[in-house]
Amino acid sequence: MRVLLVVMDGLGDRPVKRGKTPLQLAKHPVMDSIAKGGISGISDPICPGTVPGSDTSHLAILGYNPFTFYAGRGILEALGSGVKVYEGDVALRCNFATVDSRMNVIDRRAGRIDGKDAVALAEAIGRIKIKDTEFIFSRTKGHRGVLIIRNNSSPMITDIDSHGLGSVMWAKPLDATDPARRTAEALNEWTKRVNQILKAHPVNKAREKAKLPPANIIISRGASALAEGLPYKGATYWGPHAPTPVKVQRFQDKFGMSAACIAGGALYKGVARYLGMDVLDVKSATANLDTDVVAKVEATVSALKRNDFVFLHLKGCDVAGHDGNWQAKVKFIEKADKALKPLLSLKDTLIIITGAHSTACSLKAHSANPVPIAICAPDGVVRVDDVKKFDELSAVSGGLGKMTHSNIMPIVLGLIGKAPMYGT
Ligand code: ZN
């Protein structure tokens, strides 16, 4: 039996209209028929009372304890965006931002700079050497990018990005080692040098004239490193979230299933590569509300012919949740549901559908509310319960009860007959 995991990022929500959530308001007959023909439950992404990150919730869904295997965001973004990462490299996630003359951040996204301006500025700071440390900056999408620090560096440093406005937070070492001290010093110097280069760049002079915020600094965060091993074949990672290097067993080896991922967003591709999965490219996948769900589903159906396990990621609900736009979330759920229809005719396949976490429209942020989950499988595999609809409230009375995302893979292994036996 093959396994298909459909993750709707940011799916769960709080009541937005007449006491109902976007998932309760939307029409989604395909998701309902998965719930109707299978078993439902409600799942806490990390644990009750912890607001899940997108990175940590996906590690949990895929069967890796997020408290052990989360090395930091930088390395996941780098792997996902296709930037080459070598042993010893430190990766950070970055934003183009705007600072005033006293180095106070006044716009964290430099007016969401994009297009030709962003390309030209990224080129100007692509490779810079500070003493014997090399800094390689690659722009990913919009105002975002990834920074690789190469040569004798340590990920044990604090963020430059304060995640808010105000003074730039200069990096500090998090341990007493020489590499940590040197990396923090070199990153601070790089950040100041980048500010000098960007400030004087003709693109920024033109932006100022046009009353647009100049992208005159790179603020970075989430330092993490590849300690050893090739990134796509199972490797060792570390960073402030995992101060002792963690060896990540490949998904294929851990669960005995070949595995592929179909996603638009760099982070999800990065998580998949981090775990050694194949990442399949769908050109029209945008990780946004306008994504081509039909093409992603086609790619999924075809990937299931060659893989035991396929992870399909849909980002739209999270985007609408962060924008606080529940109408857009309802629309995206309905669009996705229509596109998911071919999944109902899959043979010999166990399907799991769930949310990575809740992104509450009222908060414009992730919330700790649990998300619904439904699992359907060929006849005789799951004990079909009475739940007829796929939403946060209906799922509560289902046969899976209340669980956490870390339970998903063990439950799946049990259902497909791959769970280990304990005792005789
Ligand atoms: Zn999010």
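Draft legend 1. Expanded view of the side chain of histidine 58. Residue placement: histidine 58 occurs in helix H3 (residues 54–61). By relative accessible area, histidine 58 is classed as buried at 1%. There is a polar contact of 3.5 Å between the side chain of histidine 58 and the side chain of histidine 313. Setting aside its immediate chain neighbours within four residues, histidine 58 contacts Val7, Asp9, Tyr268, Val271, Phe311, His313 and Ala356.

Draft legend 2. Highlighting helix H11 (residues 293–303). When we look at burial in H11, the residues that qualify are Val293, Ala295, Lys296, Val297, Ala299, Thr300 and Ala303. On the buried face of H11, the contacting elements are strand S1 (2–8), strand S12 (259–262), strand S13 (278–280), strand S14 (309–314) and helix H13 (326–339).

Draft legend 3. Here's a closer look at the coordination of the zinc ion. The coordination sphere of the zinc ion contains the protein donors Asp318 (OD), Asp318 (OD), His322 (NE2) and His366 (NE2), at a distance range of 2.0 to 2.5 Å. Around the zinc ion, the four donor atoms sit at angles spanning 55 to 145°, and that spread fits a shape best called irregular. Counting residues between consecutive donors of the zinc ion along the chain gives the motif D-x3-H-x43-H. One end of the pair, histidine 322, is in helix H12 (residues 316–323); the other, histidine 366, is in strand S17 (residues 365–367), with 44 residues separating them in the sequence. Its relative accessible area of 34% is what places histidine 322 among the partly exposed residues. For histidine 366, a relative accessible area of 18% translates into the label buried.

Draft legend 4. Structural view of the pairing of strand S11 (residues 242–247). With three bridges connecting them, strand S10 (residues 236–239) and S11 associate as antiparallel partners. Across the sheet, the residue bridging to tyrosine 237 is valine 246, located in S11.

Draft legend 5. Region of the structure containing the state of the cysteines. Following the criterion strictly, the structure yields zero disulfides and no others. With no disulfide of its own, cysteine 261 lies 17 Å from the sulfur of cysteine 317, the closest cysteine sulfur. In this structure cysteine 261 comes out as buried when scored by relative accessible area, which is 0%. Here cysteine 361 is not cross-linked by a disulfide; its sulfur's nearest cysteine counterpart is in cysteine 317, at 8.9 Å. Accessibility expressed as a relative area gives 5% for cysteine 361, which makes it buried.

Draft legend 6. Highlighting helix H2 (residues 29–36). Among the residues making up H2, those that are buried are Val30, Met31, Asp32, Ile34 and Ala35. Buried residues along H2 sit against S1, strand S2 (39–44), H13, strand S15 (349–355) and strand S18 (371–376).

Draft legend 7. Structural view of the packing of aromatic side chains. Within this structure, the stated rule accounts for seven aromatic pairs. For the ring pair tyrosine 64 and phenylalanine 255, a centre distance of 6.3 Å and an interplane angle of 90° mean the geometry is edge-to-face. Note that tyrosine 64 is positioned in the loop between H3 and helix H4 (66–69) and phenylalanine 255 in helix H9 (residues 251–255), a separation of 191 residues in sequence. Considered together, tyrosine 64 and phenylalanine 255 belong to a single accessibility category, that of buried residues. Taking 4.4 Å as the distance between ring centres and 45° as the angle between the ring planes, the aromatic pair formed by tyrosine 237 and tyrosine 274 counts as tilted. With tyrosine 237 in strand S10 and tyrosine 274 in helix H10 (residues 266–274), the pair connects residues that are 37 residues apart, well separated along the chain. For the pair tyrosine 237 and tyrosine 274, a shared accessibility class is recorded, and that class is buried. Members of the aromatic cluster, each reached through a chain of ring pairs, are Tyr64, Phe69, Phe251, Phe255 and Phe309. The lysine or arginine in question, lysine 192, covers the ring of tryptophan 170, its NZ or CZ lying 5.0 Å from the ring centre. Over the ring of tyrosine 64 we find lysine 254; its NZ or CZ atom is 4.9 Å from the centre of that ring.

Draft legend 8. Representation of the pattern of salt bridges within the structure. The full count for this structure, using the stated rule, is 19 salt bridges. Glutamate 134 is the salt-bridge partner of arginine 127, the closest N and O atoms lying 2.6 Å from each other. Note on arginine 127: relative accessible area 59%, which makes it exposed. Given the relative accessible area of 23%, glutamate 134 is considered partly exposed. Residue aspartate 318 is joined to lysine 315 by a salt bridge in which the shortest nitrogen-to-oxygen separation is 2.8 Å. A residue is classified by how much of its surface remains accessible, and aspartate 318, at 2% relative accessible area, is buried. Lysine 315 sits in the buried class, given a relative accessible area of 16%. Residues participating in the shared-partner salt-bridge network are Asp55, Arg73, Glu77 and Arg93.

Cut-offs and rules
Residues numbered from 1 in each chain as written. Predicted model: local features only at pLDDT ≥ 70, side-chain atom pairs only at ≥ 80, totals over all residues. Heavy atoms only, no water. Helix = DSSP H or I, 4+ residues; strand = E, 2+ residues; numbered from the N terminus. Buried < 20%, exposed > 50% of the residue type's maximum accessible area, 1.4 Å probe, protein only. Polar contact = N/O pair within 3.5 Å; in protein donor to acceptor, adjacent residues only side chain to side chain. Contact = heavy atoms within 4.5 Å. Donors = N, O, S within 2.8 Å, 3.2 Å for Na, K, Ca; no water. Tetrahedral: all angles 85-135°; square planar, octahedral: opposite > 155°, others 65-115°. Pairing = 2+ DSSP bridges. Disulfide = S-S within 2.5 Å. Phe/Tyr/Trp six-rings, centres within 6.5 Å; stacked < 30°, edge-to-face > 60°. Lys NZ or Arg CZ within 6 Å of the ring centre and 35° of its normal. Salt bridge = Lys/Arg side-chain N within 4 Å of Asp/Glu carboxyl O.

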